[in-house]
Amino acid sequence: MLQPQQNFLAFTRDHEWGIESDESILFSQTIDSITMQVWDSGIVVFTPPNPGPLDIVLSCAVHGDETAPIEICDELIEAIRSGKLVPRHRVLFIIANPAAINIGKRFVDENMNRLFSGAHSEGEGLINQERVRAKAIESYVARFFAEAPSGPRQRLHYDMHTAIRDSAHEKFAVYPFTHGKPYKKRQLQLLAAMGVDTVLLHEGPTTTFSYFSVRQFDADAFTVELGKVRPFGQNPQQNFAACRDTLARLIAGDELQLGEFDAKQHHIYQVQRSINRTQQHFELCFADDVANFTWFEAGELLARDGDSDIHANEPGEAIIFPNAKVAIGQRALITVRQINAEQLDLV
Ligand SMILES: O=C(O)CCC(=O)N[C@@H](CCC(=O)O)C(=O)O
Ligand SMILES: [Zn+2]
């Protein structure tokens, strides 16, 4: 079991697919007055004696090769364990896919970020470890929110990633479909304080982790893309300082000094289309170094899916997350168009 001096990430990587146990708390320790509970490999909760009104979920390694978010969570976890960072609010950390971290790959058998909201059990069911782990992670998030003290609470979830391609906006967040609920100014401001001034608005349900938290728990939840995928040790630390420091301040309950909301400080994009790979032969018709948020002219060829040619169909359509190697049936790219933040329904 975890030793008090052992690094939590190292412990997690030693237990790749979780730890089977009849105990709901595998390890518990009090650090000054903060309770630390380990619920599973990669799953740790910190609770102050009189928790503030936020229930914060920070997740990383839903994709195992996206190392910068893993380093950020590792630093925050160890800062709390060493007493340097004292939480004012409850916080759950999730290191989602340790086996994929250990092989330095996005996933072992299946993309975990397509397995939430019950997708893990659809089709052939729980046929691989990623599916089993996604189901377990759903239960930990549910338990974390269910165990909150009574009274008005605010649920937050930042699911941190890095992108495969370069990006014209280096950091950006995906605001999952809100089912018509207004977008939140404070959340846009918090993201901007993390260095993330660009937001994509999803126009429909997905099977991502962040949408799961929005839909099931009415959380303010986001997929946060913090830069480009790099191996451990190669992430330029100064690029992540704003994110790490803002999260530390949020956890500690420090004043964030977000100031007045100014729509002009936020770049907002609306998802136009999700283009799925449906055929064995699928190719992207632009180079591997074309960055996220590159705009195409109407009529330009974006992709070939079997015999179907897929063209940009309006001026200013930009591409995000292009990946020809996804499994058949999955999203191979999305297209977006920029809108003015003042057009949004904001509270
Ligand atoms: O760079 C890429 O192609 C993928 C980066 C990544 O993992 N993005 C997430 C976005 C999830 C969302 O739409 O909320 C993913 O594809 O799972
Ligand atoms: Zn990712």
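About the thresholds
Residues numbered from 1 in each chain as written. Chains lettered and ligands numbered in written order. Predicted model: local features only at pLDDT ≥ 70, side-chain atom pairs only at ≥ 80, totals over all residues. UniProt positions renumbered as here; feature names shortened; annotations may be inferred. Helix = DSSP H or I, 4+ residues; strand = E, 2+ residues; numbered from the N terminus. Rg over C-alpha atoms; globule rule 2.2 N^0.38 Å. Buried ≥ 20, exposed ≤ 12 C-beta atoms within 10 Å, placed from the backbone. Contact = placed C-beta atoms within 7 Å. Near = placed C-beta within 6 Å. Nonpolar A, V, L, I, M, F, W, Y, C, P; charged D, E, K, R; others polar. Pairing = 2+ DSSP bridges. Core = buried A, V, L, I, M, F, W, Y, C linked by C-beta atoms within 7 Å. Domains from an automatic or database assignment. Expected span 1.5 Å × (residues − 1). Axes fitted to C-alpha atoms, helices over the stretch in contact; angles between N-to-C directions. Left-handed = near helix turned anticlockwise from the far one by under 90°.

As recorded by an unreviewed UniProt entry, the protein chain carries the name Succinylglutamate desuccinylase and is attributed to Aliidiomarina maris. The UniProt entry for the protein chain carries this comment under Function (unreviewed entry): "Transforms N(2)-succinylglutamate into succinate and glutamate." Taken directly from UniProt, the Sequence similarities (unreviewed entry) text for the protein chain runs: "Belongs to the AspA/AstE family. Succinylglutamate desuccinylase subfamily."

Brief notes about the overall build of the protein chain
Scanning the protein chain for helices and strands turns up seven helices and 16 strands. Radius of gyration (C-alpha) of the protein chain: 20 Å, near the 20 Å computed for a compact globule of 347 residues. Evaluated residue by residue, the protein chain yields a buried proportion of 41% over its 347 residues. Within the protein chain, contacts between residues separated by at least 24 positions form 73% of all contacts whose residues are at least 6 apart in sequence.

Observations regarding the site of ligand 1
Taken together, 13 residues lie around ligand 1, and Asn 113, Ala 163, Ile 164, Val 174 and Thr 223 are the ones closest in. Its residues placed into classes, the shell around ligand 1 shows four nonpolar, eight polar and one charged.

Focus: the UniProt feature "active site" (unreviewed entry) in the protein chain
Per the UniProt record, "active site" (unreviewed entry) is annotated on Glu 225. The topology assignment puts Glu 225 in strand E9 (residues 220-228). Judged by C-beta crowding, with 25 C-beta atoms within 10 Å, Glu 225 ranks as buried. Once residues lying within four places of it in the same chain are set aside, the contact partners of Glu 225 are His 161, Thr 162, Ala 163, Lys 171, Phe 172 and Ala 173.

A closer look at the pairing of strand E16 (residues 331-339)
The pairing of strand E10 (residues 267-276) with E16 spans eight bridges and is antiparallel. Bridge pairing in E16 links Ile 268 to Ile 339.

With respect to the nonpolar core
Within the largest apolar cluster, 88 residues are counted, with the highest numbers of intra-cluster contacts made by Leu 58, Cys 73, Leu 76, Phe 93, Ile 95, Ala 173 and Leu 191. A per-element tally of this core places helix H2 (residues 67-81) first, with seven residues. Lining this core are residues from two domains, each supplying at least three of them: domain 1 (8-261) and domain 2 (272-336). For Cys 73, the contacting residues outside a window of four places in its chain are Leu 58, Cys 60, Phe 93 and Ile 95.

Here we look at the UniProt feature "domain: Succinylglutamate desuccinylase/Aspartoacylase catalytic" (unreviewed entry) in the protein chain
The positions UniProt marks with the feature "domain: Succinylglutamate desuccinylase/Aspartoacylase catalytic" (unreviewed entry) are residues 55-251. Overall, residues 55-251 shows 35% helix and 20% strand. The separation of its end C-alpha atoms is 9 Å.

Concerning H2
Compared with an ideal rise of 1.5 Å per residue, which puts 15 residues at 21 Å, H2 spans 21 Å between its outermost C-alpha atoms and is within 8% of the ideal. When H2 is considered as a whole, its buried residues turn out to be Thr 67, Ala 68, Pro 69, Ile 70, Ile 72, Cys 73, Leu 76, Ile 77, Ile 80 and Arg 81.

A look at the domain arrangement of the protein chain
Often, the extent of an interface is quoted as the loss of accessible area upon association of its parts. Here the protein chain is described as being made up of domain 1 (8-261) and domain 2 (272-336). Here the C-alpha centre of domain 2 lies 28 Å away from the C-alpha centre of domain 1. Of the residues lining the interface, nine residues belong to domain 1; the matching set on domain 2 comes to nine residues. Of the residues contributing to the side of domain 1 that touches domain 2, the split by class is four nonpolar, two polar and three charged.

Remarks on the sheet that holds strand E14 (residues 308-311)
A sheet is described by the order of its strands in space; here three strands give the open sequence E11-E13-E14, paired in antiparallel fashion. The sheet terminates laterally at strand E11 (282-284) and E14, the two strands that pair on one side only. Across the sheet, the axes of successive neighbouring strands diverge by a mean angle of 20°, strand direction being ignored. Pairing of E11 with strand E13 (residues 301-305) involves three bridges; the strand directions are antiparallel. Along E13, the bridge assignment pairs Glu 283 with Arg 304.

Here's the deal with unusual backbone geometry
Its identity is not glycine, yet Ala 61 carries a phi of approximately 65°, on the positive side. Take Ala 61: there are 26 C-beta atoms within 10 Å of it, and that puts it in the buried class.

What to know about the environment of Gly 52
For Gly 52, the location among the structural elements is in the loop between strand E3 (43-47) and strand E4 (54-60). Residue Gly 52 is classed as partly exposed on the basis of its C-beta count, with 17 C-beta atoms lying within 10 Å. Along the chain, Gly 52 and Arg 90 lie 38 residues apart, while their C-alpha atoms are 7.4 Å from each other. For Gly 52, the residues in contact, after removing those within four places along its chain, are Arg 88, His 89 and Gly 253.

Some thoughts on the packing of H2 against helix H7 (residues 241-252)
Between H2 and H7, the least distance of the axes is 10 Å, while the angle of their chain directions is 35°. Seen from above, H2 lies across H7 with right-handed handedness. The residues of H7 that touch H2, namely those facing Ile 72, Glu 75, Leu 76 and Ala 79, are Cys 243, Arg 244, Leu 247, Ala 248 and Ile 251. Within the contact of H2 with H7, the residues separate by chemical class into seven nonpolar, no polar and two charged.

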